Amino acid sequence: MPPSWSLGATMEETMALEPESRLSAVSQAMFSYESLVHALSGAVGSVTAMTVFFPLDTARLRLQVDENRKSKSTPAVLMEIMKEEGILAPYRGWFSVISSLCCSNFVYFYTFNSLKVAWMKREPPSTGKDLILGFVAGVVNVLLTTPLWVVNTRLKLQGAKFRNDDIVATNYKGIMDAFHQIVRDEGFAALWNGTVPSLLLVFNPAIQFMFYEGLKRQLLAGQAELSSMQVFIISAIAKAIATTSTYPLQTVQSVLRFGHHRLNPARRRFGSLRNILYLLHQRIRRLGLLGLYKGLEAKLLQTVLTAALMFMVYEKLSVATFTLMGLRTRTAR
């Protein structure tokens, strides 16, 4: 077994060690097979779920970015997109989104589960600790993967027929060309467009994990293992709460990542992070307070179903992997 991927000590064993040995044990927990399995399971689960519900994400993004597109039911928006842009248009940008999502969830699940082993110590898990760990994992994830999300947002919207004339068209040949053009034309910092709302939005997965882990502990108090349906339901509830509470910032995040609107009346482009409050104000002025929640139906439908399926695949895959390896998970749940 490679030393860099040792199994690590259990939490009780870790806390019984001397400080120097404890530090070594914590380091092992950060580089353990358990963390790797959780990360890979989370990545596979997210890719599977997003592929199934990808058209719903397309509808959500169009409603967020294109202010002049009228709010309609999700099926109506998708039918409109397919009629104007072709039957495969709802899957435009699939590869870039899946690539970004796979990397993002690998980083998030790896960080979250590693920190959970290293930080829980002797105290029992709690919703407060789950929220803190989720927040820290989210910050790490945002700082590392935002450039991927900026590029996939651009590619996903390329070729779209917008109702808003203030949107500037893009012409990217692929992921690497998009990276090259963004850095060349807008500067290296443009790859981190939307970082501020993204950092604020780390509360979304943090809230989601807090409710998910709390509901999971409640159910496991009376049974040995969760059924697939139970995992599906509690993850759907957790994601619905997290999405509804943070949706206005998600809209701003999408607009900033796209970065190809113009400001009126001077019709200047904007992508600066200082325009977050401006964007919120403009959206309320043009569409009213409910404009902050434009596309929420599509987002809830997509994100709740995607999160529910993702966690179901994640839980079953991680358990199956540990069983196959003859191991038991040590991370407190």
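Residues numbered from 1 in each chain as written. Predicted model: local features only at pLDDT ≥ 70, side-chain atom pairs only at ≥ 80, totals over all residues. Heavy atoms only, no water.

## So, the overall build of the chain
Phase 1: Within the chain, the secondary structure is distributed over 12 helices and two strands.
Phase 2: Secondary structure elements of the chain, listed N to C terminal, follow the sequence α-α-α-α-α-α-α-α-α-α-β-β-α-α.
Phase 3: Within the chain, the proportion of its 333 residues that are buried is 52%.
Phase 4: Restricting the contact set of the chain to residue pairs at least 6 apart, pairs at least 24 apart contribute 78%.
Phase 5: Within the structure as shown, the chain displays about 15,300 Å² of accessible surface, and the carbon and sulfur contribution to it stands at 67%. (Helix = DSSP H or I, 4+ residues; strand = E, 2+ residues; numbered from the N terminus. Buried < 20%, exposed > 50% of the residue type's maximum accessible area, 1.4 Å probe, protein only. Contact = heavy atoms within 4.5 Å. Areas by Shrake-Rupley, 256 points an atom, 1.4 Å probe, with all protein chains shown as cover.)

## Remarks on helix α5 (residues 94-119)
Phase 1: Across its 26 residues, α5 extends 36 Å between first and last C-alpha, which sits within 8% of the 38 Å expected from 1.5 Å per residue.
Phase 2: For α5, a buried count of 19 out of 26 residues is recorded, marking the element as mostly surrounded by other parts of the structure. (Expected span 1.5 Å × (residues − 1).)

## Looking at the nonpolar core
The nonpolar side chains of a soluble globular protein tend to be buried with one another.
Phase 1: Core analysis: the biggest nonpolar cluster contains 26 residues, and Phe109, Phe112, Phe209, Tyr212 and Phe311 have the highest contact counts within it.
Phase 2: Looking at this core, the elements that each hand over two or more residues are α3 (33-65), α4 (74-85), α5, α6 (127-157), α9 (203-220), α10 (228-258) and α12 (296-325).
Phase 3: Apart from the residues lying within four places of it in its own chain, the contact partners of Phe109 are His38, Ala39, Gly42, Phe209, Met310, Phe311 and Tyr314.
Phase 4: Ranked by size, the runner-up nonpolar core spans nine residues in total, among them Leu155, Tyr172, Phe179 and Ala190. (Core = buried A, V, L, I, M, F, W, Y, C linked by side-chain atoms within 4.5 Å.)

## Structural notes on the environment of Lys294
Phase 1: On the secondary structure map, Lys294 appears in the loop between α11 (276-287) and α12.
Phase 2: For Lys294, a relative accessible area of 6% translates into the label buried.
Phase 3: Considered as a pair, Lys294 and Lys70 are 224 residues apart in the sequence and their alpha carbons are 9.2 Å apart.

## With respect to helix α7 (residues 175-186)
Phase 1: Look at α7: 16 Å from first C-alpha to last across 12 residues, which is about the 16 Å you get at 1.5 Å a residue.
Phase 2: Here α7 has its buried residues at Ala178, Phe179, Gln181 and Ile182.
Phase 3: Residues of α7 that are buried in the fold lie against α6.
Phase 4: Residue Gly187 follows α7 closely and has a positive phi angle near 95°.

## Here we look at a nonpolar patch on the surface
Phase 1: On the surface, Phe211, Leu215, Met229, Ile233, Ile237 and Ile241 cluster together to form a nonpolar patch covering roughly 490 Å² of accessible area.
Phase 2: Contributing elements (two or more residues each) for the nonpolar patch: α9 and α10.
Phase 3: Residue contributions to the nonpolar patch peak at four residues, all from α10.
Phase 4: Residue placement: Ile241 occurs in helix α10. (Patch = residues over 30% accessible without salt bridge, like charges linked within 9 Å, V, L, I, M, F, W, Y side chains within 5 Å. Salt bridge = Lys/Arg side-chain N within 4 Å of Asp/Glu carboxyl O.)

## Some details on the packing of aromatic side chains
Phase 1: Using the criterion set out here, one finds 15 aromatic pairs in the structure.
Phase 2: A ring pair is formed by Phe109 and Phe311, whose centres lie 6.0 Å apart and whose planes are at 55°; its orientation type is tilted. Remark: Phe311 occurs in helix α12 and Phe109 occurs in helix α5; sequence separation between them is 202 residues.
Phase 3: We classify Phe311 as buried; its relative accessible area is 0%.
Phase 4: Put simply, the rings of Tyr108, Phe109, Phe112, Phe209, Tyr212, Phe311 and Tyr314 touch in pairs and so form one group of aromatic residues. (Phe/Tyr/Trp six-rings, centres within 6.5 Å; stacked < 30°, edge-to-face > 60°.)

## Considering the confidence of the model for the chain
As a note on interpretation, predicted positions should not be read in detail where pLDDT is low.
Phase 1: Summarising the model, the chain shows a mean pLDDT of 77, and 77% of its residues fall at 70 or more.
Phase 2: Looking across the chain, the model is least confident in helix α1 (residues 11-15), with a mean pLDDT of 41, and most confident in α9, with 89.
Phase 3: Note that pLDDT drops below 50 for residues 1-23; the model gives that stretch 41 contacts with residues more than four away or on any other chain. (pLDDT = per-residue confidence, 0-100.)

## Comments concerning the side chain of Thr243
Phase 1: When you line up the elements, Thr243 lands in helix α10.
Phase 2: Here Thr243 is in contact with Asn204, Gln250, Leu296, Lys299, Leu300 and Thr303, once residues within four sequence places are set aside.

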